[in-house]
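Observations on the model geometry
Residue-level listing of the chains:
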Amino acid sequence: MITLKSATELEAMRQSSRIMATVLGELEPLIRPGIRTRDLDLYAEKRTRELGAVPAFKGYRGYPASVCISVNEEIIHGIPSGRILQEGDIVSLDFGVLFEGFYSDSALTAPVGRASEDALKLIAAAERSFYKGLEQMKEGNRLSDISAAIQQSVESEGYAVIRQFVGHGIGRALHEDPQVPNFGPPGRGPKVRPGMTLAIEPMIAAGSYEVDILEDGWTAITRDRSLAAHYEHTVAMTANGPEVLSARTPDTARPGIRLPKESPHA
Ligand code: MF3
Ligand code: CO
């Protein structure tokens, strides 16, 4: 069952997303050669609590950290550790918070120092496919129009869409209906309606879409060990079209929202 959010509920989701985006925006410039993935996680947890929210992933189905940090061929759900990021790695940060009863969820992939041209192109393709999907979030469309647009965008650039994991509704639960696959035919599923809140999250690979899970029971990697990228925002359908609740720049902020602290690169 899809839960449509009221204006009041949307405002709470906006605030949850704003806190999450602030923290994720502060993490991004910390991605440098020499930092341990655990340091990024500890920073995120501390800042989230300072801003009055709770990390959403810690303890979720037993997940042991606040951020999912996935390096190179790792697609999602990498567990922060003593691993030191190296120049040329690419790293995906997936983060969510719970604030006043509402969840937010967002991910980005960034290079560590200078990465290869191929790696940068893959990162850009994941981000571009998200916005191609978002363009389809309009009244009259159906959910799978978003999915199909993402797949078309990713495959037109020569990359593969991960099938084993999908986007999702979000709100009072981290994962709500509907599922939002990043592939499939257009024109299917429920209609896009005001009040719908979704985590749209393309996960893509430079090689094939097949996935393996590491011994830790969490980390999803590409079976062919090709590079992977992930890009995600919490978005809401409104009467005026889609709103990216977790945007890290202030352009979607609306009057009455107090920014806890401007993202450093906003
Ligand atoms: N961001 C992930 C998602 O979209 C959630 C991480 S799962 C967790 O579903 F267990 F790590 F929390
Ligand atoms: Co998600």
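Residues numbered from 1 in each chain as written. Chains lettered and ligands numbered in written order. Predicted model: local features only at pLDDT ≥ 70, side-chain atom pairs only at ≥ 80, totals over all residues. Heavy atoms only, no water.

A few words now on the nonpolar core. Note on soluble globular proteins: their nonpolar side chains tend to be buried together. Ranked by internal contacts, the top residues of the largest apolar core, which has 28 residues, are Met137, Ile146, Leu198, Ile200, Ile204 and Val235. Taken together, the elements giving at least two residues each to this core come down to helix H3 (117-135), helix H4 (143-156), strand S9 (197-200) and strand S14 (233-238). In this structure, Val235 is in contact with Phe130, Leu134, Met137, Met196, Thr197, Leu198, Ile200, Glu243, Val244 and Leu245, ignoring residues within four places of it in sequence. In this structure, Ile19, Leu40, Ala53 and Leu85 belong to the second largest nonpolar core, which totals 23 residues. (Core = buried A, V, L, I, M, F, W, Y, C linked by side-chain atoms within 4.5 Å. Buried < 20%, exposed > 50% of the residue type's maximum accessible area, 1.4 Å probe, protein only. Helix = DSSP H or I, 4+ residues; strand = E, 2+ residues; numbered from the N terminus. Contact = heavy atoms within 4.5 Å.)

To continue, consider the sheet that holds strand S6 (residues 160-161). Judged by pairing direction, the sheet is antiparallel, and its three strands sit side by side in the order S6-S10-S13 without closing on themselves. Strands with a single pairing partner mark the edges of an open sheet, and in this sheet they are S6 and strand S13 (228-230). Relative to S13, strand S10 (residues 203-205) runs antiparallel, the two sharing three bridges. Paired with Ala205 across the two strands is Ala228, which belongs to S13. This element, H3, spans S10 and S13 of the sheet and lies at about 35 degrees to S13. (Pairing = 2+ DSSP bridges. Axes fitted to C-alpha atoms, helices over the stretch in contact; angles between N-to-C directions.)

The subject of this paragraph is the packing of helix H1 (residues 7-27) against helix H2 (residues 37-50). Relative orientation of the contacting elements H1 and H2 amounts to 145 degrees, with a least axis distance of 10 Å. The interaxial crossing formed by H1 with H2 has right-handed handedness. Only Leu40, Tyr43, Ala44, Arg47 and Thr48 of H2 make contact with H1, whose side of the interface consists of Thr22, Val23, Glu26 and Leu27. Considering only residue class, the contact of H1 with H2 consists of five nonpolar, two polar and two charged. (Left-handed = near helix turned anticlockwise from the far one by under 90°. Nonpolar A, V, L, I, M, F, W, Y, C, P; charged D, E, K, R; others polar.)

Moving on, we get to the environment of His175. Along the chain, His175 turns up in the loop between strand S7 (167-169) and strand S8 (176-180). Considering only alpha carbons, one finds His175 and Lys5, 170 residues apart in sequence, at a separation of 15 Å. Residue contacts for His175: discarding those within four places in its chain leaves Tyr60, His168 and Gly169.

Ideal values differ by geometry: the angle at a metal is 109.5 degrees with four tetrahedral donors, but 90 or 180 degrees with six octahedral donors. Within the protein, the cobalt ion (ligand 2) binds to Asp105 (OD), His168 (NE2), Glu201 (OE) and Glu232 (OE); these donor distances fall in the range 2.0 to 2.2 Å. Considered as a linear motif, the donors of the cobalt ion (ligand 2) on their single chain read D-x62-H-x32-E-x30-E. One end of the pair, His168, is in strand S7; the other, Glu232, is in the loop between S13 and S14, and 64 residues separate them in sequence. Of the two residues, His168 and Glu232, neither departs from the other in class, the shared state being buried. (Donors = N, O, S within 2.8 Å, 3.2 Å for Na, K, Ca; no water.)

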